[in-house]
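Each chain is listed here by its residues.
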Amino acid sequence: MLTDIIADTLKDSVRLLPFLFLTYLLMEFLEHRAGEAGRRRIGAARRSGPVWGALFGILPQCGFSAAVSGLYAGRVVTAGTLLAVYLSTSDEMLPILISQSVGIVRIARILAVKAAIAALTGLAVDLVIRDGRKKKDPGHREHGHEGEHGCGGHLALAALRHTAEVFLYIVLISFALNAGIAAVGEEALAGLFTGTPVLGSFAAALVGLIPNCASSVAITELYLSGVITAGSMMSGLLVNAGVGLLVLLRLNKDRRETLRIIGALYALGVFWGLVIELAGIVF
């Protein structure tokens, strides 16, 4: 059984390599072309900050969640804009969906729902909190976040590095998933989540908070495998802000405020996941 599991894992994972590399090459290109423009636009925005944050946040990879965390710590953007970027960001979700040949309409629907949730939530948060943060110099850049997410170097080398890292996560997660399915049974494993969707949303959101691309890979793979529902998947990916949370913890001097933001992010992820679950929305 172990030999079959290893063989199936490698077969399923290796076939994704060319798609992953091409996807990451495109993402690196977009990041370098649109990244700085996006950061400037978000930093200069006033009431529309959450809308711009939600739109730019759907672009994967290094950049926006880390950069906006620095901008928030420097009192350049509001809490609503910060949460909009966090909710919109999905780390490795988009590359995994593309490499798994998920239909473009299905991908667009997932991204549109995430962006809409992020924008509406961010605008609502700013209406409620009104934290009165004042803009600094529009060109202001917080130190530290560039090094955190490691953008730079040759595009192909950066894409190759991302491909290798995520491929390793895919192999490990696929092996664990295949082993779990073989030991428990696919129907029984899926029943743990579909039978209690509320608990599934809480659990997926906890996994999504892990500031590592493995969490978004795991959640996306579990959803595509039919183990978790659309609501649970959305709960996990809405809170998946990646290294943005680490940058916020490092740069924001108000620790209680940082913990409140993380708590609010978790609660919002669970809430919207349950709304999607109860509404019967599928992707």
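Everything discussed here concerns the structure shown above.
As a starting point, this report considers the structure included with it. Just so it is clear, the model here is predicted, and its values are computed rather than measured.

### Observations concerning unusual backbone geometry
Consideration 1: Of note, Ser-101 is a non-glycine position whose phi angle comes to about 60°, a positive value.
Consideration 2: You can call Ser-101 exposed: its relative accessible area is 58%.

### What to know about the nonpolar core
Consideration 1: Within the largest apolar cluster, 47 residues are counted, with the highest numbers of intra-cluster contacts made by Tyr-86, Met-233, Leu-265 and Phe-283.
Consideration 2: When residues of this core are traced back to their parent elements, those giving at least two are α4 (64–73), α5 (79–88), α6 (93–99), α7 (104–129), α12 (213–224), α13 (230–238), α14 (244–251) and α15 (255–279).
Consideration 3: Those residues in contact with Phe-283 that sit more than four places away from it in its chain are Arg-106, Arg-109, Ile-110, Val-113, Tyr-223, Ala-230, Met-233, Met-234 and Ile-276.
Consideration 4: Core analysis: the next-biggest nonpolar cluster, separate from the first, contains 6 residues, Ile-96, Val-166, Ile-173 and Ala-214 among them.

### Comments concerning the packing of aromatic side chains
Consideration 1: What the rule picks out here adds up to 3 aromatic pairs.
Consideration 2: Look at Trp-52 and Phe-56: their rings are 5.9 Å apart centre to centre, the planes differ by 25°, and that puts the pair in the stacked class. Taken together, the residues span about one helical turn, with Trp-52 and Phe-56 both in helix α3 (residues 49–57) at a distance of 4 residues.
Consideration 3: On the basis of relative accessible area, Phe-56 is assigned to the buried category, the value being 16%.
Consideration 4: When the centroid spacing of 6.4 Å and the interplanar angle of 55° are considered together, the rings of Phe-202 and Tyr-266 count as tilted. Residue Phe-202 is located in helix α11 (residues 197–208), and its partner Tyr-266 is located in helix α15; the two are separated by 64 residues in the primary sequence.
Consideration 5: Looking at Phe-202, the relative accessible area reads 35%, which means it is partly exposed.
Consideration 6: Assessed through its relative accessible area of 19%, Tyr-266 is described here as buried.

### A word on the packing of α14 against α15
Consideration 1: Viewed as axis vectors pointing N to C, α14 and α15 meet at an angle of 160°, and their least axial separation amounts to 9 Å. Looking at the two axes, α14 sits roughly antiparallel to α15. Where α14 crosses over α15, the handedness of that crossing is right-handed. Each of Leu-245, Leu-248, Leu-249 and Arg-250 in α14 lies in contact with α15, whose residues at this interface are Arg-255, Thr-258, Ile-261, Ile-262 and Leu-265.
Consideration 2: Of the residues in the contact of α14 with α15, the class split is 6 nonpolar, 1 polar and 2 charged.

Reading the values: rules and limits
- Residues numbered from 1 in each chain as written.
- Predicted model: local features only at pLDDT ≥ 70, side-chain atom pairs only at ≥ 80, totals over all residues.
- Heavy atoms only, no water.
- Buried < 20%, exposed > 50% of the residue type's maximum accessible area, 1.4 Å probe, protein only.
- Core = buried A, V, L, I, M, F, W, Y, C linked by side-chain atoms within 4.5 Å.
- Helix = DSSP H or I, 4+ residues; strand = E, 2+ residues; numbered from the N terminus.
- Contact = heavy atoms within 4.5 Å.
- Phe/Tyr/Trp six-rings, centres within 6.5 Å; stacked < 30°, edge-to-face > 60°.
- Axes fitted to C-alpha atoms, helices over the stretch in contact; angles between N-to-C directions.
- Parallel < 35°, antiparallel > 145°, perpendicular 65-115°, else oblique.
- Left-handed = near helix turned anticlockwise from the far one by under 90°.
- Nonpolar A, V, L, I, M, F, W, Y, C, P; charged D, E, K, R; others polar.

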